[in-house]
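Descriptive analysis of the structure
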Amino acid sequence: MNTNDAIQTVRPTHLTAENQKILDIINDWRDRVWIDPEKLAGLLRPCRVRVLLVTDGILDFSGAGFGLRTFVETLLTMPGSQVRFRITLAHMEARAGDAMMDGDARIQGRVPEFKFDNAAHFKPADFDEVWMFGIATSYARDRNAQGNPVSSAKYPANRLGDAELAALATFMDGGGGLFATGDHGSLGQCLGGSVPRAQAMRLWQDDASGTVSMGGPNRNDTNRPGDPGSQFNDQSDDIPQEIQPELFHSRSGFWRLSYPHPLLCGPRGVIKVMPDHPHEGECLAPANPDPALFPGANAAGPRPIVISKSSVLPGTVSGTKDPTALQQPFGGICAYDGHAAARGRVVTDATWHHFVNINLVGDAGATPPKTLGFLASPAGQAHLEDVKTYYRNIAVWIARPENITCMNRRWIWWLLRNERVMEATLTTVDVRLKDLSPRLIWEVGKHARDVLGKFAGQCQSRRLALDLLVVYTKLDLKDLLDPWRQLLEPKPPEPPIPWIELDPVLDLALGGAVIALREAMPEPSEQAPKDDAIDKAIATGVQRAAKLAGQSFLKASEALQPTMTALGK
């Protein structure tokens, strides 16, 4: 297990043989629950999310510098019992062996010479997510007299074919999630540069300013020096770049709460680091999104938004490049919440150098410690865990809505069975929801959110509680409780004076779900419960808790009414 896993295997050296044996038994059970819950009877099987990873050119899935093996391993070793990613690897050219992780039984499929319009390779309903890591600037093999690529029967000069783009559009409009990235200049434009929505959420070729050039003074150079001097392979040391996440706000009484986008929320708090690189691409959010690409974005529908910015330090040369001229910020990650428009979510990143081995675990041709990357120090390993959390957050966030409902269902079951939040909160657990006061339900939910926040991050626990209210009560609370409403509205309305704290509604919703599930399924069983039975119990609990929340609020308002009436005279 890696250092980001919630349960750490502990094997101290001072124990007696007898006590060590006991501890080994306990650790073995914990590992099986957290890593491979399918081996234990009575546990809910993790949700299955079908992921297609596509790349081209010299990028592959190996352990080489431009390989994505570290990233793939991060998804394959997702901790917890909520989800397992079923990964298919695809390369636009003929690749085999280590480049396609041959021999690894965890990989569901491998497709060399991949095409999106080949039904044997890709059907929109067969995948939940598509990730695109492109480096090629042309797939056309035909060239004109000047040596420039031209359209061929197989591909246009610098993009996917029309039939492939149509297949991707069908996938995305049907709720499938997309991640797309390239690098500086035009690197990656063939694979991602014409894909619906992603095409407008990133620069896929250099512009007049030269910000996505390779060596110009205005390039997006994020390298942070470690040893003396500014060197190209500073990208392979254990010092990351610092990013500036966009913060989203809500009110809890008179307190102003701030959260990053869920992509940048982790157990250690806000994710504020990324691997560095001497010449990154750039993400952007169009000021006036094309309604054909982003339906309703200029009204009350979802729109793409830059959720974090990176920055360039002036005077950086990264070896022999021109010194950077400006301390300029630029878009590092852009996100589009297509679920609010009955479409798939989309994420773009400034560069796949945030994902490849050379920027994560070192450069084999460098001198130590740059041969180890983030593994060179405890601080570096902590940074790497934050980056890996970012990868996993993407995989969860861009999943289809039904995938996310499934994962939320597993989180509530986990809180009930593994974390025993009712036992930790109540003096008896043989209770019925209808017999509990709003305060007791609130206390269970508050404790559950606290526990969940320690594992998945505080903003993730808020997201789960909001999802429960939206799914099971159909209440529209985004203006009051949802800090991410900015993703849906260009200009959110000015909030009212926060006379009353409404956050307890979230705690009540989660508490009601946990208690109702315990009431419906009081004892562990060798047979895992059905999803529809869990959903029925959760719906009962959330709806009951929401009703009690309303009644309690009205009672509190009635108590305040004489005072407020007197003030208003």
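Conventions used here
The residue numbering used here restarts from 1 in each chain and proceeds along that chain's sequence as written. Totals for whole chains, interfaces and linings use every residue, but because this is a predicted model, local features are given only for residues with pLDDT of at least 70 and side-chain atom pairs only at 80 or more, for both listing and counting. To get the side-chain values, all heavy atoms of the structure are used, and hydrogens and water are removed first. Strands here mean DSSP runs of E at least two residues long; helices mean DSSP runs of H or I at least four residues long; both are numbered from the N terminus. Only protein chains enter the accessibility calculation, which uses a 1.4 Å probe; a residue is then buried when its area is under 20% of its type maximum, exposed when over 50%, and partly exposed in between. Here, two residues are considered to be in contact whenever any of their heavy atoms come within 4.5 Å of each other. Areas reported here follow the Shrake-Rupley algorithm with a probe of radius 1.4 Å; residue values treat only the protein chains shown as occluding. Stacked, tilted and edge-to-face pairs are distinguished by plane angle, under 30 degrees for stacked and over 60 for edge-to-face with tilted covering the rest, among Phe, Tyr and Trp rings (Trp via its six-membered ring) whose centres lie within 6.5 Å. Identification of polar contacts relies on pairs of N or O atoms within 3.5 Å, with a donor-acceptor requirement for protein atoms, meaning one able to donate a hydrogen and the other able to accept it, and with residues adjacent in sequence counted only if both atoms are side-chain atoms. Here the term patch refers to residues with relative accessible area over 30% and no salt bridge, with like charges joined within 9 Å and nonpolar side chains (Val, Leu, Ile, Met, Phe, Trp, Tyr) within 5 Å. The term salt bridge refers to a side-chain nitrogen of Lys or Arg lying within 4 Å of a carboxyl oxygen of Asp or Glu. In plain terms, two cysteine sulfur atoms within 2.5 Å form what is called a disulfide here. Pairs of strands are assigned from DSSP output, requiring at least two bridges between the strands. Given the number of residues in a helix, its expected span is that number minus one, multiplied by 1.5 Å. Fitting axes to the seven residues ending at a residue and to the seven starting there, one defines the bend at that residue as the angle between these axes. As used here, the arc is the angular range of directions from the helix axis to the C-beta atoms. Throughout, nonpolar core names a set of buried Ala, Val, Leu, Ile, Met, Phe, Trp, Tyr and Cys residues whose side chains join them through atoms within 4.5 Å. With a 1 Å grid spanning the protein atoms alone, the term cavity applies to any set of points in which a 1.4 Å probe fits but cannot get out, the term pocket to an open set with protein on both sides within 12 Å along at least five of seven lines, and the term lining residue to any residue with an atom within 4 Å of a point. Grid points are joined across faces, edges and corners, and a volume is the space filled by probe spheres set on the points. Note that Gly is not counted as nonpolar here; it falls among the polar residues with everything else outside the nonpolar set of Ala, Val, Leu, Ile, Met, Phe, Trp, Tyr, Cys and Pro and the charged set of Asp, Glu, Lys and Arg.

Moving on to the overall build of the protein chain. Counting secondary structure elements, the protein chain contains 12 helices and 15 strands. Going through the 569 residues of the protein chain one by one, you find that 53% of them count as buried. Of all intrachain contacts in the protein chain linking residues separated by at least 6 positions in sequence, the fraction that spans at least 24 positions is 70%. In the structure as shown, the protein chain presents an accessible area of about 24100 Å², 56% of it carried by carbon and sulfur atoms.

All right, on to the packing of aromatic side chains then. Pairs of aromatic rings are described using the distance from one ring centre to the other and the angle between the two planes. In the structure shown here, the tally under the stated rule is 21 aromatic pairs. Seen from their ring centres, Phe133 and Phe355 are 5.4 Å apart, and the 65 degrees between their planes marks the pair as edge-to-face. Pair noted here: Phe133 is in strand S4 (residues 129–133) and Phe355 is in the loop between strand S15 (346–349) and helix H5 (357–360), with a separation of 222 residues, a long-range link. For Phe133, a relative accessible area of 0% gives the class buried.

Quick look at the side chain of Arg417 now. Residue position: Arg417 is located in helix H7 (residues 401–417). Overall, Arg417 belongs to the buried group, its relative accessible area being 10%. At a separation of 2.3 Å, a polar atom in the side chain of Arg417 contacts the main-chain carbonyl oxygen of Met521. Not counting the four nearest positions on each side in its chain, Arg417 is found in contact with Arg518, Met521, Pro522, Glu523 and Pro524.

All right, on to a nonpolar patch on the surface then. Taken together, the side chains of Ile22, Ile25 and Ile26 make up a nonpolar region of the molecular surface, amounting to roughly 270 Å² of accessible area. Mapped onto the elements of the fold, Ile25 is located in helix H1 (residues 17–35). Residue Ile25 is classed as exposed on the basis of its relative accessible area of 52%.

Attention now goes to the environment of Thr70. Tracing the backbone through its elements, the reader meets Thr70 in helix H2 (residues 69–76). The class of Thr70 is buried, set by a relative accessible area of 17%. Spatially, the C-alpha atom of Thr70 lies 9.8 Å from that of Ile358, the residues being 288 residues apart in sequence. With residues near it in sequence (within four places) discarded, Thr70 still touches Asn357, Leu360 and Val361.

This brings us to the state of the cysteines. All chains considered together, the criterion is met by two disulfides. Through a disulfide, Cys47 is tied to Cys406; the S-S separation comes to 2.0 Å. Because the sign of the S-S torsion sets the handedness, a value of about -100 degrees for the bond joining Cys47 and Cys406 places this disulfide among the left-handed ones. Pair noted here: Cys47 is in strand S1 (residues 47–55) and Cys406 is in helix H7, with a separation of 359 residues, a long-range link. Classification of Cys47 as buried rests on a relative accessible area of 3%. The side chain of Cys265 participates in a disulfide bridge whose partner is Cys459; the two sulfur atoms lie 2.2 Å from each other. Pair noted here: Cys265 is in strand S10 (residues 265–266) and Cys459 is in helix H9 (residues 458–473), with a separation of 194 residues, a long-range link. Per residue, the accessibility class of Cys265 equals that of Cys459, and both read buried. Assigning the bonded cysteines of the protein chain consecutive numbers by sequence position, one obtains the connectivity 1-3, 2-4. Of the cysteine sulfurs around Cys283, a residue in no disulfide, the closest is that of Cys334, at 6.2 Å.

Another aspect to go through is the pairing of strand S13 (residues 305–311). Among the seven residues that make up S13, six are buried, leaving the element largely enclosed by the rest of the structure. By the bridge criterion, two bridges tie strand S7 (residues 244–245) to S13 in an arrangement that is antiparallel. Within S13, the position partnered with Pro245 by the bridge is Ser308. Two elements, S13 and strand S14 (residues 329–336), share six bridges in a ladder whose sense is antiparallel. Along S14, the bridge assignment pairs Ser310 with Phe330.

The next thing to look at is helix H12 (residues 531–567). Compared with the 54 Å implied by 1.5 Å per residue over 37 residues, the 52 Å span of H12 between its first and last C-alpha is a close match. Maximum bend of H12: about 45 degrees, positioned at Gln561, with proline Pro562 one to four residues after it. Three or more residues of H12 are buried, namely Ile534, Ala537, Ile538, Ala539, Gly541, Val542, Ala545, Leu548 and Ala549. Where H12 is buried, its residues touch H7, helix H8 (438–456), H9 and helix H11 (504–520).

Spanning 12 residues, helix H3 (residues 162–173) covers 16 Å between terminal C-alpha atoms, matching the ideal 16 Å at 1.5 Å per step. By the burial criterion, the buried members of H3 are Glu164, Leu165, Ala167, Leu168, Phe171 and Met172. Projection of H3 onto a plane perpendicular to its axis shows the buried side chains occupying an angular sector of 155 degrees, all on one side. Considering only its buried residues, H3 is in contact with S4, strand S5 (177–181) and S15. Count one or two residues on from H3 and you reach Gly175, which has phi positive near 105 degrees.

With 102 residues, the main nonpolar core has Phe71, Val72, Ile87, Trp131, Phe355 and Tyr390 as its most contacted residues. Excluding residues that lie within four positions of it along the chain, Tyr390 makes contacts with Phe179, Leu263, Leu264, Ile271, Met274, Ile333, Asp349 and Phe355. Counting residues in hydrophobic clusters, the runner-up holds 37 residues, among them Val130, Tyr155, Leu160 and Leu178.

In this section: the layout of surface pockets. Rolled over the atoms, a probe with the dimensions of a water molecule shows which regions are left empty. Volume-wise, the second largest pocket comes out at about 560 Å³. What lines the second largest pocket is a set of 22 residues, and nearest its centre among them are Glu501, Pro504, Val505, Ala549 and Phe553. Those elements that place two or more of their residues in the lining of the second largest pocket are H8, helix H10 (478–481), H11 and H12. When residues in the lining of the second largest pocket are grouped by element, the largest group, eight residues, is from H12. For the lining of the second largest pocket, a count of residues per class yields 17 nonpolar, three polar and two charged.

This model, assessed by the stated rule, comprises 33 salt bridges. Residue Arg463 pairs with Asp467 through a salt bridge whose shortest N-O separation is 3.5 Å. One end of the pair, Arg463, and the other, Asp467, are both in helix H9, four residues apart, so they sit about a helical turn from each other. Among the charged side chains, a salt-bridge network with shared partners connects Arg69, Glu73, Asp98, Asp104 and Arg106.

Worth remembering: the numbers are spatial, not functional.
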